[in-house]
Every structure is written in structure tokens, then in C-alpha cells.
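Summary of the model geometry
So the chains spell out like this:
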Amino acid sequence: MKFESKTVHAGDRKKAGNFIPVTTPIYTASSYAYESMSQLDRVFGREEPGQSYARYDNPTVNALQELVNELEGGHGTLACSSGMMAMHLSVLAALVDRPKRVVAGHMLYGATTNLLMNVFGALDVETTFADASDLPAFEAAIAKTKPGAVVVESITNPLLRVCALDQIAVMARSANAPLIVDNTFATPMLMRPLELGASIVVHSATKYLAGHGDVLGGLVVSDAEHTEILTTLLRTIGPNLGPFEAYLTMRGIKTLALRMEKQCANARELAAWLAGHPRIERVHFPGDPSHPDAANIQRLLPPNLYGAMVTVELKDAGKTEVFAFMEKLKMIVCATSLGDVHTMMLYPAMSSHRDISPKHRERAGIRDNLVRISTGIEAIEDIIADIDQALGL
Ligand SMILES: *Cc1c(COP(=O)(O)O)cnc(C)c1O
């Protein structure tokens, strides 16, 4: 089945009693009974598939897991309470029986950097940050530190860099370090890291997968080697996604292909329009032929699907000018998050990269004139008109 067919079929229509629900309902039961004790015994012993207790399994959550597993081409998928929990569980699973060292991309989602430095760091896990788009530098970091895990993002935030995931997967494999890829910005429609050699894929389901600004959730998709340990950790720690959130995420994914196609098309048009605007100094967009990672983008992303994020630098602007611009927007929503059906705008220096010192921000290329746009499904004319009036020329 093709991707868009899987989005509306996988996971659903499991027989329940003598009928088959067309879409998977929300099961809220925390535990399950059987007509015979011997059957309950077999379910507990995982000799027979079935439900026993909500920290182990839930029919609604299982349906979502099956759906995402199909989309990413995984061996096993687990749904978690948030994207951060999905990342936490993945690093934990990778490091259980490996050296307590991580090599990570130097431009990760802010909370992921904090997780590695302040949470795993406090547990004596040492993280080395290196530029994932600079292949020799990244390879040198792996060779030098001999890590137990490698962490990168398929499309980075907010500068939208695209590393050579296929080549980094080879490096990680020869170092016996599982490659963990945060695939939130790309979604499985644009990139499937497991097919490129990664070991574990992480999603913030809060973003494109759920897509409607009404869910906090995360997903971990893994290869055969890591499914068992991830399942054991989830069942022991209990960071499970609730059935309501699983239902909403599944409902959202049914339109993922339609939304992504429209959002990516809007982003392409918006990026082209912004590039010609006199108040815009620079546009960061993976569809730009002069993008620094153009070769990787051409090799790894499907034609015309470059993601739906556009990052811009305003000409002669600092925090005051950027705030004035953002406050003038009438339709576009200025709030944290991305990937929703409505267009959103965020000021990274204030939000995702707030805790990083101005000097480090500048060095990472996150200047005070930088604004990140998550393109929605609205008519492109309305998106452009709103930004145009706010830029006010
Ligand atoms: C939002 C986000 C996360 C964290 O996900 P939550 O659902 O907010 O916990 C991780 N990585 C990326 C790239 C994100 O955009």
C-alpha cells in the first residue's frame, strides 16, 4: 500500500466481539478480564495477544502504534506522553548496555539539548555536540568519543538543515552506536530514517502527526534490536500516552498526506515570495537550490516536498522590530509549536532557544532578527497578505 492509503487504513478495524468498528474507539478501561483464568495467564505471559493492564497495552493506543509503525516501516512502535518522553526513552534504551556517551547534532530542539546536558548529564552520561551537516567533523566526534548513541534531527530547528542521514547511519553502525533520529519536522511522508539505516525514530506527535493543536504526545519507532528493551522500559516506567490523545493523533494522521502536501506547497510559495521582499534579508528553506545541504536534500527528500517550515531573517531588525512585526499579524498565530493546520510564527531567541546565551545563539546562527514560520493549510494568498501587511511597506 502507498503511504496515503496506509494513513487511513493501518491500525483500524479490529474485531471487537461480533462487530468491527470502522474507526478505533477510545477504550478507557485500566484493566481487562477474561472468561478463564488460563487465558488471562497466557495474556500476562505474552503467549497470547491481548489486553491486561493499561500500562502494558491499550486497544486505542495499540491501534495508533500499529499505524505509525506501518508509516515509518518500523519493527515496533510505542506511544508516549510527549515528544520529550519519546526522546528520553530512546536514549535510555540505547544506553542500557552501551557506553554512557552520546554524540549529538549541535542544533537540536532546545529541550533535547537540555535533556542530554541536564538530565542525562546529571546521571554521568557525557554528550559531545558536533555539526551533523559537517560530515568529517561529525565522524571525528564519533571516532574520538566512541559513543553509546548518536542523536540527530532529520530537519533541524530553526535553520532547517538536512544532514546526510544515510552516511551518518553508516558511521553510527560501524561504531556500534544506535542512531536516534528526531523525525518530527520531516514526518514519515518526507523521510523514513529506519530505511536509511537509523535504529530508532522519535516523533513529537504534538506537531504534524496530530496536526490540529490539540494533543501532546510522542512516538518511538524502532528496529528489531531495540523493540524489546523499549517495551520493557515503557512498561516499567509508565510514560504511556492516554487513549484520548491516541484517538486524536490517529484521527489527525488520517489527513497527514493531504495536510503535508498542501502545507509543503504553501511553504514553497511563501519562501519564494519572501525571498523577493525588500524587508527580508535572508530566507532559510530546504527547497532553495543554493541551500547549504542541497545535495542531501535532493538525495533524501521527495521532489517538491521540502517540509512546511520557513525561517526568515528580517532586514535591519532586532527584538523590538521583530516584536512589532509579529504583533501586527492578524491571521497568523504567534505561539509555540508547529505543524498545525493554521500558520504559526515563533521567535526562537525568545522561546525554543531562550536558555542559550546570546553568544552561543549567534554562533549557532540564531540571530535576533530570525523568525520561524510553520506554514498551515490556509489559502496562500491570505498567508502572504497577512505577512505583507505586517511587514508594512
Ligand atoms: C516539539 C518538539 C519536540 C518535543 O515534543 P513535545 O511533544 O513538545 O514533548 C522534540 N523535537 C522536536 C523537533 C520538536 O519540534
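Residues numbered from 1 in each chain as written. Predicted model: local features only at pLDDT ≥ 70, side-chain atom pairs only at ≥ 80, totals over all residues. Heavy atoms only, no water.

1. What to know about the overall build of the protein
Assigned secondary structure in the protein consists of 15 helices and 12 strands. Its C-alpha radius of gyration of 21 Å places the protein within 12% of the 21 Å reference for a compact globule of 393 residues. Dimensions of the protein, computed from the C-alpha atoms along their principal axes, are close to 75 × 50 × 35 Å. Out of the 393 residues in the protein, the part that is buried amounts to 54%. Look at the contacts in the protein between residues 6 or more apart in sequence, and 74% of them connect residues 24 or more apart. Of the charged side chains in the protein, 36 are positive and 43 negative; the average position of the first set lies 1 Å away from that of the second. (Helix = DSSP H or I, 4+ residues; strand = E, 2+ residues; numbered from the N terminus. Rg over C-alpha atoms; globule rule 2.2 N^0.38 Å. Buried < 20%, exposed > 50% of the residue type's maximum accessible area, 1.4 Å probe, protein only. Contact = heavy atoms within 4.5 Å. Lys, Arg positive; Asp, Glu negative; His and termini not counted. Charge placed at Lys NZ, Arg CZ, Asp CG, Glu CD.)

2. A few points about the sheet that holds strand β11 (residues 344-346)
With mixed pairing, the five strands of this open sheet are ordered in space as β8-β9-β12-β11-β10. Of all strands in the sheet, those bounded by a partner on one side alone are β8 (280-284) and β10 (333-334). Where helix α11 (residues 256-275) meets the sheet, its contacts fall on β8, β9 (309-314) and β12 (370-374), and the angle it forms with β9 comes to roughly 15°. (Pairing = 2+ DSSP bridges. Axes fitted to C-alpha atoms, helices over the stretch in contact; angles between N-to-C directions.)

3. Section: empty space enclosed by the protein
Taken as a whole, this structure holds one cavity of 30 Å³ or more when the rule is applied. Within this model, the largest cavity holds a volume of roughly 90 Å³. As for the largest cavity, its lining consists of Gly105, His106, Met107, Leu108, Asp131, Ala132, Ser133, Val152, Glu153, Thr156, Arg161 and Cys163. Its residues placed into classes, the lining of the largest cavity shows five nonpolar, four polar and three charged. (1 Å grid on protein atoms, 1.4 Å probe; cavity = no way out; pocket = protein on both sides within 12 Å on 5 of 7 lines; lining within 4 Å. Points joined across faces, edges and corners; volume = space filled by probe spheres on them. Nonpolar A, V, L, I, M, F, W, Y, C, P; charged D, E, K, R; others polar.)

4. Points about the layout of surface pockets
Approximately 1200 Å³ is the volume attributed to the largest pocket. Looking at the largest pocket, it is lined by 45 residues, and the ones nearest its centre are Pro49, Gly50, Gln51, Asp57 and Asn62. By residue number, the principal contributor to the lining of the largest pocket is helix α3 (residues 59-72), which donates seven residues. Within the lining of the largest pocket, the residues separate by chemical class into 19 nonpolar, 16 polar and 10 charged. Each pocket or cavity is described by its volume, and for the second largest pocket that value is around 380 Å³. Of all the elements in the fold, those that place two or more residues in the lining of the second largest pocket are α5 (110-120) and α14 (358-363). Shared between two domains, the lining of the second largest pocket takes at least three residues from each, and those domains are domain 1 (3-253) and domain 2 (256-391). (Domains from an automatic or database assignment.)

5. A few points about α11
Taking 1.5 Å of rise per residue, the 20 residues of α11 would be expected to cover 28 Å, and the 28 Å separating its terminal C-alpha atoms lies within 8% of that figure. Within α11, the full set of buried residues consists of Leu256, Ala257, Arg259, Met260, Gln263, Cys264, Asn266, Ala267, Leu270, Ala271 and Leu274. (Expected span 1.5 Å × (residues − 1).)

6. Brief notes about the side chain of Asp182
Topologically, Asp182 is positioned in strand β5 (residues 179-182). One buried charge, Asp182, has no salt-bridge partner; the nearest side chain with opposite charge is Lys207, at 7.4 Å. When neighbours within four sequence positions are excluded, Asp182 is seen to be in contact with Met87, Val152, Glu153, Ser154 and Val202. (Salt bridge = Lys/Arg side-chain N within 4 Å of Asp/Glu carboxyl O.)

7. Quick word on the site of the ligand
Not every one of the 13 residues close to the ligand is listed here, only the nearest: Met84, Asp182, Ser204, Thr206 and Lys207. In the model, an oxygen atom of the ligand is placed 2.9 Å from a nitrogen or oxygen of the Gly83 main chain. Coverage of the ligand by the protein amounts to 93% of the 380 Å² it exposes when considered alone. A per-class count over the shell around the ligand returns five nonpolar, six polar and two charged. (Near = heavy atom within 4 Å. Polar contact = N/O pair within 3.5 Å; in protein donor to acceptor, adjacent residues only side chain to side chain. Areas by Shrake-Rupley, 256 points an atom, 1.4 Å probe, with all protein chains shown as cover.)

8. Let's talk about unusual backbone geometry
With omega at 0°, the peptide bond leading from Asn157 into Pro158 counts as cis. Residue Leu160 is not a glycine yet carries a positive backbone phi of 60°. Following the sequence through the fold, Leu160 ends up in the loop between β4 (149-153) and α7 (165-174). Leu160 sits in the buried class, given a relative accessible area of 1%. One non-glycine residue with positive phi stands out, namely Thr187, at about 60°.

9. Some points on the nonpolar core
Counting 87 residues, the largest nonpolar core has Leu179 and Ile387 as its most contacted members. With eight residues, α11 is the largest single contributor of residues to this core. Residues from two domains meet in this core; each of domain 1 (3-253) and domain 2 (256-391) gives at least three. Core analysis: the next-biggest nonpolar cluster, separate from the first, contains 26 residues, Met87, Ala93, Leu95 and Ile200 among them. (Core = buried A, V, L, I, M, F, W, Y, C linked by side-chain atoms within 4.5 Å.)

10. Here we look at the domain arrangement of the protein
On domain assignment, one finds that the protein holds domain 1 (3-253) and domain 2 (256-391). When each unit is reduced to the centre of its C-alpha atoms, the spacing between domain 1 and domain 2 is 27 Å. Listed by partner, the interface residues are 36 residues for domain 1 and 41 residues for domain 2. With both chains or domains summed, domain 1 and domain 2 bury close to 3000 Å², and 65% of this area falls on carbon and sulfur atoms. Our count for the domain 1 to domain 2 interface comes out at two salt bridges. Of the charged contacts, one joins Asp166 and Arg299 as a salt bridge, the two residues approaching to 2.8 Å between their closest N and O atoms. Counting across the domain 1 and domain 2 interface gives 14 residue pairs in polar contact (both at pLDDT 80 or more). Residue assignment for the side of domain 1 that touches domain 2 shows that the elements contributing at least two residues are α1 (3-9), α5, α7, α8 (187-190) and α10 (243-253). Partitioned by chemical class, the residues of the side of domain 1 that touches domain 2 number 21 nonpolar, 11 polar and four charged. (Buried area = accessible area lost by both parts, 1.4 Å probe.)

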